[in-house]
Amino acid sequence: MLNRAIGKLRRVFAATLVMTCAALVAVPQAQANPNIAGKKVIFVPISMGISLTEGWARRMKEHAAIYGYALDIRDPAFNTQAMTELLAKAISEKPDVLVVHNPTVQLLSRQIKQAEAAGIKVLQINLQSNQQSSAFVGANWERIGREIAEDIVKSCGKDSGKSGKVAIIPGQLTAADSVMMNDAAFKVFKEHPEIKVVSNQASDWEPEKARQITATVLQQNPDLCAIFGHWDVHTMGAGAAVKDAALQGKALVYATGGGDNVTCKAVEDGVLDRVWSYDADGQGRDAATLIDLLLQGAKSEDGKMLSLESPMKIIKAGSDYSPNLCWKM
Amino acid sequence: MINPANIFGRDEKRTNILGAVVLVATVLLIALFSIKIDSFATPGNLRVLLSNSASLVILSCGMAVVIISRGLDLSLIAQMVAGAATFSILINAGLNGWAAFGLTLFAMALIGAMNAWLIAYVEIPAMLATLASAMSITGFFRFAILRGEYLLLLDKSNPAVALLSSSVLSGIPVPFLLMASTLLVTWGLLRYSVPGRITYAMGDNFQAARLTGLPVRTATAAIYVFAAFTAFIAGLVVSSASGTVDFRTVTNGSLLFDVILVVVLGGIPLRGGRGGVGNILIGTALIAVLRNGMTLMDFSTQTQDVLKGLVLITAIVADRFINPRDIETDTVGDL
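The rules behind the values
- Residues numbered from 1 in each chain as written.
- Chains lettered and ligands numbered in written order.
- Predicted model: local features only at pLDDT ≥ 70, side-chain atom pairs only at ≥ 80, totals over all residues.
- Helix = DSSP H or I, 4+ residues; strand = E, 2+ residues; numbered from the N terminus.
- Rg over C-alpha atoms; globule rule 2.2 N^0.38 Å.
- Contact = placed C-beta atoms within 7 Å.
- Buried ≥ 20, exposed ≤ 12 C-beta atoms within 10 Å, placed from the backbone.
- Pairing = 2+ DSSP bridges.
- Axes fitted to C-alpha atoms, helices over the stretch in contact; angles between N-to-C directions.
- Nonpolar A, V, L, I, M, F, W, Y, C, P; charged D, E, K, R; others polar.
- Expected span 1.5 Å × (residues − 1).
- Arc of directions from axis to C-beta.
- Domains from an automatic or database assignment.
- pLDDT = per-residue confidence, 0-100.
- Right-handed = clockwise from strand over helix to strand, strands pointing away.

## Some details on the overall build of chain A
1) Next: Assigned secondary structure in chain A consists of 10 helices and 12 strands.
2) Next: Taken against the 2.2 N^0.38 rule, which gives 20 Å for 329 residues, the C-alpha radius of gyration of chain A at 26 Å runs more than 25% over that of a compact globule.
3) Next: Seen through its principal axes, chain A has C-alpha atoms that stretch 100 × 60 × 35 Å.
4) Next: Looking at chain A alone, contacts between residues at least 24 apart form 73% of all its contacts between residues at least 6 apart.

Here it is in structure tokens:
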């Protein structure tokens, strides 16, 4: 009797199990492959051949391969004239998404507007134009400028026993990132009169120019406390000048950049002391994800720009240092 | 009474008026900066000034020789970066410093010879030939050798690099030594060597030089190969100092402009035939002092460019007045 009851229970249980499984199979699965294959994305960076843009492109290509959309990269090689021409051509080809990397806040704004009007979604990467578009992904330059300035105040300001003298080396005084970082930094310095900016001269993004400026400034101010370089690549030239003057550790070299392994090597070698990295590799993945979403029709509810801020990695020499903070191509 | 215009180089009075004017301007500028800026007239600043202008002087030696022969080498900076890049790639690949130096020197000779062949045998105007070669050198390096990269990093701990940025003989920096030797070699070549004398003859009157049977084509080859060598030496100085070889120096830098500025300001006329090492020294002195002083006074880069541009225009206009073209020296299509 009991056996029968157990047998019946077993059958019921088995039947339930089978039905449940069947039901699970029958439920439509979450679609892993959205139908964006065959769509077209064009990416116009300021220039390829630098770790920043190569790092982004690598992740974008990976996503394009997964979803089967076409990614086309047009390289103007630091030539702004060529950049506007390439962008005009890209717009005429009507891609689904256009990714642009603005050298200045002004240069591409008209073309971005034109592309959006033609129904092309424009994703601005890392450097923003003053023209809004579908989406932006990149570093928060105001935050980087402010945080570095605050760190400088901590190391060179009141009660630090240091001179409070700071040299700033922007890339170009009109470049979007330099403008924003300088604005933010000077706001902080204004509240701390003990900080004196003794030099604010652009390097045209060239390491050798940065080295020459720094050598001259160090000569005039051997008690310089900090150098704030707006890009790690040219700031390495400034770091070389500090090294040559045997002032390593006394004049702190601050920089910001994409944070690839060259940056970590520079920190290990004592050429750079503190780097605010916006992690180009992570940015590449963020950008690629945003492209996927834009291709699937993502937009914000109020029609404003979708915006993703890159998290920072702060690479400092000392006990907190780890080479894992940097990425490798 | 000693005429200050006769101290430098050959004794063409007219040419050296500009040199003398620039010299006086430099002295005034030094006086002004010494009063205005505390740390200007110090041994330390002199050292920085010299080391910052080493590459400029070396490049100017090459450019001066070319300009004296009534040529122009717009590919000088491209050659400089290409030479430094070749050298860096070779030592990064584990070659020892001397072998890398020798191989690169050979490659530079080929580039110089290529320029000279285009100018002397194919008879393309120097400006166009070297402009084209500058573009192809840069393009070739970026495309085929650096595979799209812009920047080459040099390991500063490499013995060859360390030697180039170190000091020898109780504190004389190697870049300074290289600068002095290049000046000395240029002076010797221009003054005492046969190709040097032919260079002046070519600059004075090319047709006459050729008609009298001087080997102008061979001399052209020697001149452009020499320029290529100076470019390489300058490349070594720049890259070992900053630890990088940066191809953007060619495309967006103002170094070529500075080099021409030095040569013209020093009093070497663009139509050639006159000038010497003394002129290079005068030209560099003004530019180096101006640059150093403006940096110390924290002038923005744009302001510095404006001032340098004004100085160049003034010099070129002065050059026009002091060295007017006449029927003898004017030819169609030259600079």
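What follows picks up the thread again.
## A short note on the overall build of chain B
1) Next: Each helix and strand in chain B was counted, giving 14 helices and 4 strands.
2) Next: Relative to the 2.2 N^0.38 estimate, which gives 20 Å for 335 residues, the radius of gyration of chain B is 20 Å and therefore close to what a compact globule would have.
3) Next: Dimensions of chain B, computed from C-alpha atoms along their principal axes, come out at roughly 55 × 55 × 40 Å.
4) Next: Here chain B holds 335 residues, and the buried ones make up 50% of them.
5) Next: Put simply, 77% of the contacts in chain B that link residues at least 6 apart link residues at least 24 apart.

## Some remarks on the pairing of strand E4 (residues 121–125) of chain A
All names here are of chain A.
1) Next: Among the 5 residues of E4, 5 are classified as buried, and the element is accordingly described as predominantly covered.
2) Next: Burial of E4 is two-sided: the residues Lys121, Leu123 and Ile125 facing one way and the residues Val122 and Gln124 facing the other way are all buried.
3) Next: Note that strand E3 (residues 97–100) and E4 share 4 bridges and pair parallel. The residue bridging Leu98 from the neighbouring strand is Val122, located in E4.
4) Next: Where E4 and strand E5 (residues 135–138) come together, 3 bridges link them in parallel fashion.

## Brief notes about the sheet that holds E3(A)
Residue and element names in this part refer to chain A.
1) Next: The strand order across the open sheet built from 6 strands is E2-E1-E3-E4-E5-E11, with neighbouring strands paired in parallel fashion. The open sheet has two edge strands with one neighbour each: strand E2 (70–73) and strand E11 (306–309). Neighbour-to-neighbour, the strand axes of this sheet turn through a mean angle of 15°, independent of strand direction.
2) Next: Taken together, the 4 bridges between strand E1 (residues 40–44) and E2 define a ladder with parallel strand orientation.

## Observations regarding the interface of chain B and chain A
The figure often quoted for interface size is the accessible area lost as the parts come together.
1) Next: Tallying the contact residues gives 29 residues for chain B and 27 residues for chain A.
2) Next: Of all the elements in the fold, those that place two or more residues in the side of chain B that touches chain A are helix H2 (43–68), strand E1 (151–153), helix H10 (216–242), strand E4 (244–246), helix H11 (248–252), helix H13 (277–296) and helix H14 (301–322) of chain B.
3) Next: In terms of residue class, the side of chain B that touches chain A is made up of 7 nonpolar, 17 polar and 5 charged.

## Section: helix H12 (residues 255–266) of chain B
Residues and elements named next belong to chain B.
1) Next: Taking 1.5 Å per residue, 12 residues should reach 16 Å; H12 reaches 16 Å between its end C-alpha atoms and fits that length.
2) Next: With respect to burial, H12 is a largely interior element, 11 of its 12 residues being buried.
3) Next: Turning to H12, its buried residues number three or more, namely Leu255, Leu256, Asp258, Val259, Ile260, Leu261, Val262, Val263, Val264, Leu265 and Gly266.
4) Next: Backbone geometry just downstream of H12 places Gly267 in the positive-phi region, at approximately 105°.

## Some remarks on the environment of A:Lys299
Residue and element names in this part refer to chain A.
1) Next: Tracing the chain through its elements places Lys299 in the loop between helix H10 (280–295) and E11.
2) Next: Looking at Lys299, the number of C-beta atoms within 10 Å reads 14, which means it is partly exposed.
3) Next: Note: C-alpha distance between Lys299 and Ser134 (165 residues apart in sequence) is 7.2 Å.
4) Next: Those residues in contact with Lys299 that lie beyond four places of it in its chain are Ser134 and Leu306.

## Some words on unusual backbone geometry
1) Next: You will see that A:Phe78, though not glycine, has its phi angle at about 65°, which is positive.
2) Next: Judged by the 20 C-beta atoms lying within 10 Å of it, A:Phe78 falls in the buried class.
3) Next: If you check the backbone angles, B:Arg70 has positive phi at about 60° while not being a glycine.
4) Next: Note that B:Arg70 resides in the loop between H2 and helix H3 (76–92).

## Re helix H8 (residues 194–204) of chain B
Residues and elements named next belong to chain B.
1) Next: Taken as a whole, H8 has its buried residues at Pro195, Gly196, Ile198, Thr199, Met202 and Gly203. Within H8, the buried residues cover an arc of 160° as seen down the axis, which keeps them to one side.
2) Next: Lining the buried residues of H8 we find H2, helix H7 (174–192), helix H9 (206–211) and H10.

## Remarks on the domain arrangement of chain A
Residues and elements named next belong to chain A.
1) Next: If you check the domain split of chain A, you get domain 1 (40–139 + 282–311) and domain 2 (141–277).
2) Next: Once you take the C-alpha centre of each, domain 1 and domain 2 turn out to be 30 Å apart.
3) Next: With 10 residues of domain 1 at the interface, the matching set in domain 2 holds 9 residues.
4) Next: Split by residue class, the side of domain 1 that touches domain 2 holds 5 nonpolar, 5 polar and no charged.

## With respect to the sheet that holds strand E8 (residues 226–229) of chain A
Residues and elements named next belong to chain A.
1) Next: Pairing is mixed in the open sheet, where 6 strands are placed in the order E7-E6-E8-E9-E10-E12. One side of each edge strand has no neighbouring strand; the edge strands of this open sheet are strand E7 (196–200) and strand E12 (313–316). Across the sheet, the mean angle from the axis of one strand to that of its neighbour is 20°, orientation sign disregarded.
2) Next: As defined by bridge partners, strand E10 (residues 274–277) adjoins E12 across 4 bridges and the pair is classed as antiparallel.

## Description of the confidence of the model for chain B
All names here are of chain B.
1) Next: Of the residues in chain B, 90% have a pLDDT of 70 or more, and the chain-wide mean is 84.
2) Next: The low-confidence segment residues 1–12, where pLDDT is below 50, has 19 contacts with residues more than four positions distant or belonging to other chains.
3) Next: Both confidence scores are given for the complex: pTM 0.78, ipTM 0.72.

## A word on the pairing of E8(A)
All names here are of chain A.
1) Next: By the alternation rule, side chains of E8 split into Ala226 and Phe228 and Ile227 and Gly229, which are all buried.
2) Next: Alignment of strand E6 (residues 165–169) against E8, held across 4 bridges, turns out to be parallel. Residue pairing across strands places Ile169 opposite Gly229, the latter belonging to E8.
3) Next: Sheet topology note: the E8/strand E9 (residues 252–257) ladder contains 3 bridges and is parallel. In the strand pairing of E9, Phe228 is matched with Tyr254.
4) Next: The parallel pair E8 and E9, bridged by helix H8 (residues 232–244), forms a crossover whose chirality is right-handed.

## A word on the environment of A:Val166
Residues and elements named next belong to chain A.
1) Next: Summarising the element assignment, Val166 is placed in strand E6.
2) Next: According to the C-beta neighbour criterion, Val166 is buried, with 26 such atoms within 10 Å.
3) Next: Setting aside chain neighbours within four positions, we find Val166 in contact with Ile152, Cys156, Ile195, Lys196, Val197, Val198, Cys225, Ala226 and Phe228.

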